[in-house]
Amino acid sequence: WDNADFSRGVGTTFYQEFSTLNTAKPPFVRDVEAKVRRYLRSSYSAVWTLKITWEKAPVYAARTDTQKTITYQAVLTTDGFRSYILMLYQDGGMQWDYTRLTSTNVLIGYT
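Reading the values: the criteria
- Residues numbered from 1 in each chain as written.
- Predicted model: local features only at pLDDT ≥ 70, side-chain atom pairs only at ≥ 80, totals over all residues.
- Heavy atoms only, no water.
- Helix = DSSP H or I, 4+ residues; strand = E, 2+ residues; numbered from the N terminus.
- Buried < 20%, exposed > 50% of the residue type's maximum accessible area, 1.4 Å probe, protein only.
- Phe/Tyr/Trp six-rings, centres within 6.5 Å; stacked < 30°, edge-to-face > 60°.
- Lys NZ or Arg CZ within 6 Å of the ring centre and 35° of its normal.

Per an unreviewed UniProt entry, the protein chain goes by MUC4 protein and derives from Promerops cafer.

## Quick look at the environment of Pro-58
By the element assignment, Pro-58 lies in strand E2 (residues 48-58). For Pro-58, a relative accessible area of 0% puts it in the buried group.

## A short note on the packing of aromatic side chains
Here the structure, examined in full by the defined rule, presents four aromatic pairs. Aromatic pair Tyr-44 and Tyr-84: ring centres 5.3 Å apart, planes at 85°, arrangement edge-to-face. With a gap of 40 residues between them, Tyr-44 in the loop between helix H1 (27-40) and E2 and Tyr-84 in strand E4 (residues 83-89) connect regions that are remote in the sequence. Its relative accessible area of 3% is what places Tyr-44 among the buried residues. What links up through ring pairs into an aromatic cluster is the set Trp-54, Tyr-72 and Tyr-89. Positioned over the ring face of Phe-28 is Lys-51, at 4.4 Å from the centre of the ring.

## Some words on unusual backbone geometry
Unusually for a residue other than glycine, Arg-41 sits at a positive phi of about 50°. The exposure class of Arg-41 is exposed, given its relative accessible area of 76%. With a phi angle near 50°, Lys-56 is a residue other than glycine that sits in the positive phi range. Mapped onto the elements, Lys-56 comes out in strand E2.

Pasting the structure below:
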(Lines give C-alpha, C1' and ligand atoms only; values in the text may rest on other atoms or scores of the structure.)
Protein backbone atom coordinates (compact mmCIF):
# COMPACT_ATOMS: atom_id res chain seq x y z
CA TRP A 1 0.00 0.00 0.00
CA ASP A 2 1.17 3.47 -0.66
CA ASN A 3 0.16 6.71 0.94
CA ALA A 4 -3.27 7.82 -0.18
CA ASP A 5 -3.94 11.50 0.41
CA PHE A 6 -7.48 12.66 1.16
CA SER A 7 -6.47 16.21 2.16
CA ARG A 8 -8.00 17.80 -0.96
CA GLY A 9 -11.45 16.36 -0.31
CA VAL A 10 -11.19 13.85 -3.16
CA GLY A 11 -12.02 10.20 -2.46
CA THR A 12 -13.34 8.57 0.67
CA THR A 13 -12.75 5.71 3.06
CA PHE A 14 -15.49 3.72 4.72
CA TYR A 15 -15.92 0.43 6.52
CA GLN A 16 -18.57 -2.09 7.43
CA GLU A 17 -18.33 -4.58 10.30
CA PHE A 18 -20.08 -7.95 10.28
CA SER A 19 -20.31 -9.76 13.62
CA THR A 20 -21.83 -13.14 12.81
CA LEU A 21 -21.18 -15.23 15.90
CA ASN A 22 -24.87 -15.75 16.73
CA THR A 23 -26.64 -14.20 13.76
CA ALA A 24 -27.58 -15.08 10.21
CA LYS A 25 -24.77 -14.39 7.77
CA PRO A 26 -25.32 -11.78 5.05
CA PRO A 27 -24.41 -12.68 1.45
CA PHE A 28 -21.14 -10.71 1.67
CA VAL A 29 -19.86 -12.85 4.57
CA ARG A 30 -20.95 -16.06 2.84
CA ASP A 31 -18.98 -14.93 -0.22
CA VAL A 32 -15.87 -14.24 1.91
CA GLU A 33 -16.18 -17.69 3.52
CA ALA A 34 -16.47 -19.31 0.08
CA LYS A 35 -13.33 -17.52 -1.13
CA VAL A 36 -11.32 -18.58 1.94
CA ARG A 37 -12.51 -22.19 1.52
CA ARG A 38 -11.72 -22.18 -2.20
CA TYR A 39 -8.30 -20.54 -2.00
CA LEU A 40 -7.10 -22.40 1.09
CA ARG A 41 -8.99 -25.66 0.58
CA SER A 42 -10.12 -25.77 4.18
CA SER A 43 -13.33 -25.45 6.13
CA TYR A 44 -14.01 -21.93 7.35
CA SER A 45 -16.89 -20.24 9.16
CA ALA A 46 -16.45 -16.54 9.95
CA VAL A 47 -17.49 -15.09 13.30
CA TRP A 48 -16.31 -11.57 12.46
CA THR A 49 -15.53 -9.75 9.21
CA LEU A 50 -14.49 -6.18 8.47
CA LYS A 51 -14.65 -4.63 4.99
CA ILE A 52 -12.65 -1.42 4.45
CA THR A 53 -13.01 0.44 1.16
CA TRP A 54 -10.80 3.21 -0.19
CA GLU A 55 -12.79 4.76 -3.02
CA LYS A 56 -11.19 7.00 -5.65
CA ALA A 57 -8.19 7.59 -3.39
CA PRO A 58 -5.60 9.99 -4.83
CA VAL A 59 -1.93 9.24 -4.33
CA TYR A 60 0.18 11.26 -1.88
CA ALA A 61 0.73 14.17 -2.44
CA ALA A 62 -2.72 15.04 -3.77
CA ARG A 63 -1.63 18.61 -4.46
CA THR A 64 0.11 17.30 -7.58
CA ASP A 65 -2.68 15.13 -9.04
CA THR A 66 -6.21 14.34 -7.85
CA GLN A 67 -7.44 12.92 -11.16
CA LYS A 68 -5.59 9.60 -11.03
CA THR A 69 -7.16 7.55 -8.26
CA ILE A 70 -7.45 3.97 -7.02
CA THR A 71 -10.35 2.04 -5.51
CA TYR A 72 -9.55 -1.01 -3.40
CA GLN A 73 -10.71 -3.01 -0.40
CA ALA A 74 -9.21 -4.95 2.46
CA VAL A 75 -11.45 -7.61 3.98
CA LEU A 76 -10.32 -8.92 7.36
CA THR A 77 -12.05 -12.03 8.66
CA THR A 78 -11.63 -14.50 11.52
CA ASP A 79 -13.23 -17.64 12.88
CA GLY A 80 -11.77 -16.88 16.30
CA PHE A 81 -8.70 -19.04 15.71
CA ARG A 82 -7.50 -18.23 12.20
CA SER A 83 -7.52 -14.82 10.54
CA TYR A 84 -7.32 -13.90 6.87
CA ILE A 85 -7.21 -10.81 4.71
CA LEU A 86 -8.51 -10.49 1.16
CA MET A 87 -7.09 -7.64 -0.92
CA LEU A 88 -9.50 -6.62 -3.68
CA TYR A 89 -8.80 -4.12 -6.44
CA GLN A 90 -11.27 -2.62 -8.88
CA ASP A 91 -10.64 -3.71 -12.47
CA GLY A 92 -8.83 -0.86 -14.19
CA GLY A 93 -8.94 1.01 -10.91
CA MET A 94 -5.18 1.52 -10.49
CA GLN A 95 -4.64 4.90 -12.06
CA TRP A 96 -1.72 6.08 -9.94
CA ASP A 97 1.36 6.87 -11.99
CA TYR A 98 3.75 4.42 -10.32
CA THR A 99 6.74 6.03 -12.04
CA ARG A 100 6.19 9.13 -9.87
CA LEU A 101 6.02 7.29 -6.53
CA THR A 102 8.94 7.57 -4.12
CA SER A 103 9.37 3.78 -4.04
CA THR A 104 10.39 2.04 -7.27
CA ASN A 105 9.58 -1.57 -6.27
CA VAL A 106 5.81 -1.28 -6.69
CA LEU A 107 3.50 -4.28 -6.32
CA ILE A 108 -0.27 -4.65 -6.12
CA GLY A 109 -1.07 -7.07 -3.34
CA TYR A 110 1.48 -8.21 -0.80
CA THR A 111 4.62 -10.30 -0.49
